[in-house]
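Each chain, written out:
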Amino acid sequence: MTFTEWFLCFLIIQVIHFLGTWKLYVKAGRKAWEAAIPVYNAVVLMQIINRPKWWVLLLFIPIVNLLMFPIIWVETCRSFGFNEKKDTLLSIFTLGFYIFYINYATETPYIANRSLQPRSALGEWVSSIAFAIIAATLVHTYVMQPYTIPTSSLEKTLLVGDYLFVSKFHYGARIPSTTIAAPMAHDTLPILGSKSFISDDKNKEGILNKLSLPYMRLPGFQNIKRNDIVVFSWPADTLALMWGDRSGKATYKPIDKRTNYVKRATGIAGDTLEVRDGYVFINGKKTVLPDRAKPQWYFKIDTDGKELSQTIIREYNKNREGKMSNDGVYYLNLTDDEAASLKKNPLVKSIEKNLSPKGTYDPTVFPHNPKYAWSSDNFGPLYIPKKGATVALNESTIPFYEQIIRRYENNDLTIFGNDIYINGKKAKNYTFKQDYYWMMGDNRQRSLDARNWGYVPFDHVVGRPVMIWLSWDPSISILDFGAKVKSIRWDRMFTTVGGSGKPTSYLWLVLVLIAGYSFYSYRKGKKKA
């Protein structure tokens, strides 16, 4: 929906609210017209139901408001004496329209000083759970989100089994565009395994879903800097990939429900990026990575038929077993420093980085066009679009910008021979509406990244990882609890993701704070007793 459509929808809701509550406002000693003024009517309603005015803010926060509306319906019913279980169920399952019955078909008086305490232990439990979910949803959506590392694309910096806190406020929290979705769930409902959101799956990319909000973002206090580690929504994620649709139609998931990826922003908007023999060059200069970044490649190790011990292999190739081929050659995933160290081993005859030669065409590498004989080890140069920048459009450049124009910036793009039409008009250039980034993994040959799908738009950016709060080896069975405890990487717990030098664990500080809070709660409870 567009902003205009959402405004009209908002006005319709206000009309429905007025028609269903104006008599109740009068019974509560207010004026009928107060039920008709948008926002103000919500403030007055909070006074009528004896709830704090700041609840009004929660009614305008996407996803959170889905939890708040039923609470307001129930509270309104109870303020006029309808507080039986059937009244609660009717107010919820009629989507609040039960209030129309109370408004027009009853003469029940307003209860000004009703008790706000739950009438049963179950009611108190439900109330506590509801507001715990609301608070958690607010934090999860707009402040900090937990995230796990499922792959080894940033190995050495982030390990498989690391659990992160991802800041939403560094780059500005993205307002959820999918308005009807289960709280605290991303794209899949736990246990059920089905979609956690409602959207118009028949729509093509670029056409807003009927129930979606336009893209909006809260202001951030930091821009994405080159080589920042960033969490973002995977641009290529489709319902076909995730839900078994084999129709051949690429129905893309809503942006905020696409699978979250974590990579390094190797190139930022306005950069010209190139990869030469596995090394990244930005604007013609070899990029300098932070000292915690440890890029890796596969190396071919010739031992002249001699077998390296598994101890040596694990030392350089942690989490993966190395195997020798029939001719005594190993392929290990190593950093340059590790390769140099292994080369000194007397069993190693030679060691060579296993790279695709320049000029090799890999169809899986962006822009997926035979005109550009690129591979993941040698490609570019390519320009990373910047908001407001203008580029020429022709048969040579359109492979790079086609999906930006059509998918990410929602234009109707048509190509007839060498002629390019945007929204029905012939175009020889294009001006970008937002910034784009080039996201790559440090594990250069074991990473599905921008080299495969291309640019990442800023509207796909989720946030910045700031801390590892838990880390363990996922290769150990969850049923083997004893081994699982031993597999916890204690030195990584509560360490910051950014910075330089060896990460410092703040686990001791967290334990002190937990102990302090526990002691405070205990003393407070004892005083009440």
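Remember, predicted model here, so these are calculated numbers, not experimental data. What you see as residue numbers is a count from 1 along each chain, following the sequence as written. Local features in a predicted model are, by the rule used here, given only for residues with pLDDT of at least 70; side-chain atom pairs are given and counted only at 80 or more, and totals for whole chains, interfaces and linings are based on all residues. Neither water nor hydrogens contribute to the side-chain values; these are computed over all heavy atoms in the structure.

J.: Honestly, the overall build of the protein in this entry has me stumped. Any pointers?
T.: Tallying secondary structure elements over the protein gives 14 helices and 20 strands in all. Accessibility here uses a 1.4 Å probe with only protein chains present; expressed as a share of the type maximum, an area under 20% marks a residue as buried, one over 50% as exposed, and anything in between as partly exposed. Counting the 529 residues in the protein, one finds 44% classified as buried. For the protein, the exposed surface amounts to about 27,900 Å²; the carbon and sulfur share of it is 62%. Only DSSP runs of H or I with at least four residues qualify as helices, and only runs of E with at least two residues qualify as strands; both kinds are numbered from the N terminus onward. Per-residue accessibility takes into account occlusion by the displayed protein chains alone, with areas from the Shrake-Rupley method and a 1.4 Å probe.

J.: When you look at the environment of K502 in this model, what are you seeing that I'm missing?
T.: Relative to the elements of secondary structure, K502 occurs in the loop between β20 (495–496) and α14 (507–528). Residue K502 is classed as exposed on the basis of its relative accessible area of 74%. Separated by 211 residues in sequence, K502 and D291 place their C-alpha atoms 9.2 Å apart.

J.: Where do I start with the pairing of strand β8 (residues 297–302) in this structure?
T.: Two faces, one strand: in a regular strand the side chains alternate between the faces of the sheet. β8 sits mainly inside the fold: 5 of its 6 residues count as buried. Should DSSP find at least two bridges between two strands, the strands are taken to pair. Relative to strand β10 (residues 350–353), β8 runs antiparallel, the two sharing 4 bridges. Residue pairing in the sheet places D302 in a bridge with S350 of β10.

J.: Would you explain the confidence of the model for the protein in this entry?
T.: Detailed reading of the predicted model is not advised wherever pLDDT is low. Summary of the metric used: pLDDT quantifies the predictor's per-residue confidence within the range 0 to 100. On average, the protein scores 85 in pLDDT, and the residues at 70 or more come to 89%. The contact criterion used throughout is that any non-hydrogen atoms of two residues lie within 4.5 Å. Low pLDDT (under 50) marks residues 201–208, which in the prediction has 13 contacts with non-local residues, meaning those over four places away or in another chain. Predicted confidence is poor over residues 242–248, with pLDDT under 50, and the contacts of this stretch with residues over four places away or in other chains come to 14 contacts.

J.: Teacher, can you tell me more about the environment of I175 here?
T.: Note on placement: I175 falls in the loop between β2 (162–167) and β3 (229–233). Since its relative accessible area comes to 13%, I175 is described here as buried. Along the backbone, I175 and T141 are 34 residues apart, and their C-alpha atoms lie at a distance of 8.0 Å. Among all residues touching I175, those that are not within four sequence positions of it are P62, Y142, L213, M216, R217 and L218.

J.: Where do I start with the packing of helix α4 (residues 64–78) against helix α6 (residues 98–105) in this structure?
T.: Where α4 meets α6, the closest approach of the two axes is 10 Å, and the angle between their N-to-C directions is 25 degrees. Considering their axes alone, α4 and α6 lie roughly parallel with respect to each other. The handedness of the crossing between α4 and α6 is left-handed. Contact with α4, carried on its side by W73, T76 and C77, involves Y98, I99 and I102 of α6 and no other residues of that element. Amino acid classes used here: Ala, Val, Leu, Ile, Met, Phe, Trp, Tyr, Cys and Pro are nonpolar; Asp, Glu, Lys and Arg are charged; the rest, including Gly, are polar. Of the residues assigned to the contact of α4 with α6, the class counts are 5 nonpolar, 1 polar and no charged. A fitted line through C-alpha atoms represents every axis, and for helices the fit uses only the stretch in contact; the resulting angles, taken between N-to-C directions, go from 0 to 180 degrees. Put simply, angles under 35 degrees are roughly parallel, angles over 145 are roughly antiparallel, angles from 65 to 115 are roughly perpendicular, and the rest are oblique. Handedness of each helix crossing follows the sense of rotation of the near helix against the far helix: counterclockwise by less than a right angle gives left-handed, clockwise gives right-handed.

J.: What should I look at first to understand the layout of surface pockets in this one?
T.: Over the atoms, a rolling probe the size of a water molecule traces out where space has been left empty. Cavity: a set of points on a 1 Å grid over the protein atoms alone where a 1.4 Å probe fits but cannot get out. Pocket: an open set with protein on both sides within 12 Å along at least five of seven lines, its lining residues, like those of a cavity, having an atom within 4 Å of a point. Grid points are joined across faces, edges and corners, and a volume is the space filled by probe spheres set on the points. As a volume, the largest pocket reaches approximately 1,500 Å³. The wall of the largest pocket is formed by 39 residues, among which F10, I13, L59, N65 and F69 lie closest to the centre. When contributions to the lining of the largest pocket are tallied by element, the ones reaching two or more residues are α1 (3–27), α2 (40–48), α4 and α6. When grouped by side-chain class, the residues that make up the lining of the largest pocket number 29 nonpolar, 10 polar and no charged. Around the second largest pocket, the lining is made up of 30 residues, and of these V74, R78, T88, G123 and V126 lie nearest the centre. When the residues that make up the lining of the second largest pocket are grouped by side-chain class, the tally is 16 nonpolar, 7 polar and 7 charged.

J.: I'm lost on the sheet that holds strand β13 (residues 413–416) in this one. Help?
T.: Hydrogen bonds between backbone atoms are what pair the strands of a sheet, whose relative direction is either parallel or antiparallel. One open sheet holds the 3 strands; their spatial order is β13-β14-β15, and the pairing between them is antiparallel. With partners counted over all chains shown, the strands left at the sheet margins are β13 and β15 (425–426), one partner each. Taken together, the 2 bridges between strand β14 (residues 419–422) and β15 define a ladder with antiparallel strand orientation. Considered in β15, the bridge of I422 is made with K425. Of the strands in this sheet, β13 and β14 touch helix α11 (residues 398–408), which is tilted by about 145 degrees from β13.

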